[in-house]
Amino acid sequence: MFTNVEHIGIAVKDLSVADALFSTLLNSTPYKHEEVATEGVRTSFFKINETKIELLEATRDDSPIARFLEKKGEGIHHLAFEVDDIRAEMARLKAEGFVLLNEEPKPGADQKLVCFLHPKNTHGVLIELCQSIRE
Ligand SMILES: C[C@@H](C(=O)O)C(=O)SCCNC(=O)CCNC(=O)[C@H](O)C(C)(C)COP(=O)(O)OP(=O)(O)OC[C@H]1O[C@@H](n2cnc3c(N)ncnc32)[C@H](O)[C@@H]1OP(=O)(O)O
Ligand SMILES: [Co+2]
């Protein structure tokens, strides 16, 4: 089951510059910074009630964010939904013909297991599924 929009991911060239801008815009400060080495990103998270904004800076030239910045420039990179059972949603969506970019849930930022769907099959929007990692 889809339960929430978990976050909106925004690709930025320089995280500290974007942090300053979003801090002013939202009149708030990031509640965390986290590097996810496996995705080649350094992230910063803002929270407005239950809505999160994830700013993403590339840490490697061959990372998804670096490639996106090269092709499209800065901007909205993905839309992440919270799901209660990521494996069940992955199986359901695969059976519906969506293309999973990872066949097994993988660790994301902020204590999540994540899976991405190819934007070619979702009207050009990269979709991320997230499930909280329970202790
Ligand atoms: C930390 C974590 C978290 O929240 O927990 C994160 O969010 S990590 C966020 C970073 N990690 C990820 O994004 C992982 C999943 N992403 C990927 O595997 C990749 O970025 C792909 C989505 C497959 C795209 O890779 P790449 O650009 O190398 O492939 P490609 O050249 O074949 O591109 C296929 C087409 O998709 C387009 N394309 C690429 N990235 C896109 C995006 N974010 N949104 C919409 N379209 C996108 C390209 O412009 C191209 O369009 P044309 O064919 O028209 O030119
Ligand atoms: Co994300």
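Check the entry above for the structure.
To keep things clear, this report deals only with the structure shown in the data block. On a predicted model such as this, the values are computed, not experimentally measured, just so you know.

## What about the overall build of the chain?
The secondary structure content of the chain amounts to 3 helices and 8 strands. In the chain, the order of α-helices and β-strands from amino to carboxyl end is β-α-β-β-β-α-β-α-β-β-β. For the chain, the C-alpha radius of gyration of 15 Å lies close to 14 Å, the compact-globule estimate for 135 residues. Its C-alpha atoms put the chain at 45 × 35 × 25 Å along the principal axes. Looking at the 135 residues of the chain, the share that counts as buried comes to 43%. Across the chain, contacts joining residues at least 24 apart in sequence account for 53% of those joining residues at least 6 apart. For the chain, the exposed surface amounts to about 7700 Å²; the carbon and sulfur share of it is 54%. With 16 positive and 23 negative side-chain charges, the chain shows a separation of 3 Å between the mean positions of the two kinds.

## Some thoughts on the coordination of the cobalt ion (ligand 2)
Octahedral metal centres with six donors ideally show angles of 90 or 180 degrees, and tetrahedral centres with four donors ideally show 109.5 degrees. At 2.1 to 2.2 Å from the cobalt ion (ligand 2) lie its protein donor atoms, namely His 7 (NE2), Glu 54 (OE), His 78 (NE2) and Glu 128 (OE). Geometry at the cobalt ion (ligand 2) is octahedral, judged from the 6 donor atoms that bind it and their angles of 77 to 171 degrees at the metal. Donor residues for the cobalt ion (ligand 2), ordered by position in the chain, follow H-x46-E-x23-H-x49-E. Of this pair, Glu 54 sits in strand β4 (residues 51–58) while Glu 128 sits in strand β8 (residues 127–132), and the two are 74 residues apart along the sequence. No difference in accessibility class separates Glu 54 from Glu 128, as the two residues are buried.

## Digging into the sheet that holds strand β3 (residues 41–48)
Within the open sheet, the 8 strands sit side by side as β2-β3-β4-β1-β5-β8-β7-β6. Their pairing is mixed. Of all the strands in the sheet, just β2 (32–36) and β6 (106–107) have a single pairing partner and so form its edges. Examined bridge by bridge, strand β7 (residues 112–117) and β8 share 6 bridges and lie antiparallel to one another. Opposite Leu 113, over in β8, you have Gln 131 as the bridge partner. Each of β1 (2–11), β3, β4 and β5 (75–83) is contacted by helix α2 (residues 64–72), which is oriented at about 140 degrees to β5, the strand it contacts most. Where helix α3 (residues 86–95) meets the sheet, it contacts β1, β5, β7 and β8, and its direction lies at approximately 150 degrees from that of β8.

## Section: the pairing of β3
One ladder, built from 5 bridges, connects β2 with β3; its direction is antiparallel. Within β3, the position partnered with Val 36 by the bridge is Val 41. Adjacent in sequence and paired antiparallel, β2 and β3 are bridged by 4 residues, among which Gly 40 carries a positive phi angle near 65 degrees. In this sheet, β4 lies alongside β3 in antiparallel orientation, the contact comprising 8 bridges. Its bridge partner being in β4, Ser 44 is matched across the sheet by Leu 55. Between the antiparallel neighbours β3 and β4 lie 2 residues, among them Asn 49 with a positive phi of about 50 degrees.

Parameters at a glance
- Residues numbered from 1 in each chain as written.
- Chains lettered and ligands numbered in written order.
- Predicted model: local features only at pLDDT ≥ 70, side-chain atom pairs only at ≥ 80, totals over all residues.
- Heavy atoms only, no water.
- Helix = DSSP H or I, 4+ residues; strand = E, 2+ residues; numbered from the N terminus.
- Rg over C-alpha atoms; globule rule 2.2 N^0.38 Å.
- Buried < 20%, exposed > 50% of the residue type's maximum accessible area, 1.4 Å probe, protein only.
- Contact = heavy atoms within 4.5 Å.
- Areas by Shrake-Rupley, 256 points an atom, 1.4 Å probe, with all protein chains shown as cover.
- Lys, Arg positive; Asp, Glu negative; His and termini not counted.
- Charge placed at Lys NZ, Arg CZ, Asp CG, Glu CD.
- Donors = N, O, S within 2.8 Å, 3.2 Å for Na, K, Ca; no water.
- Tetrahedral: all angles 85-135°; square planar, octahedral: opposite > 155°, others 65-115°.
- Pairing = 2+ DSSP bridges.
- Axes fitted to C-alpha atoms, helices over the stretch in contact; angles between N-to-C directions.

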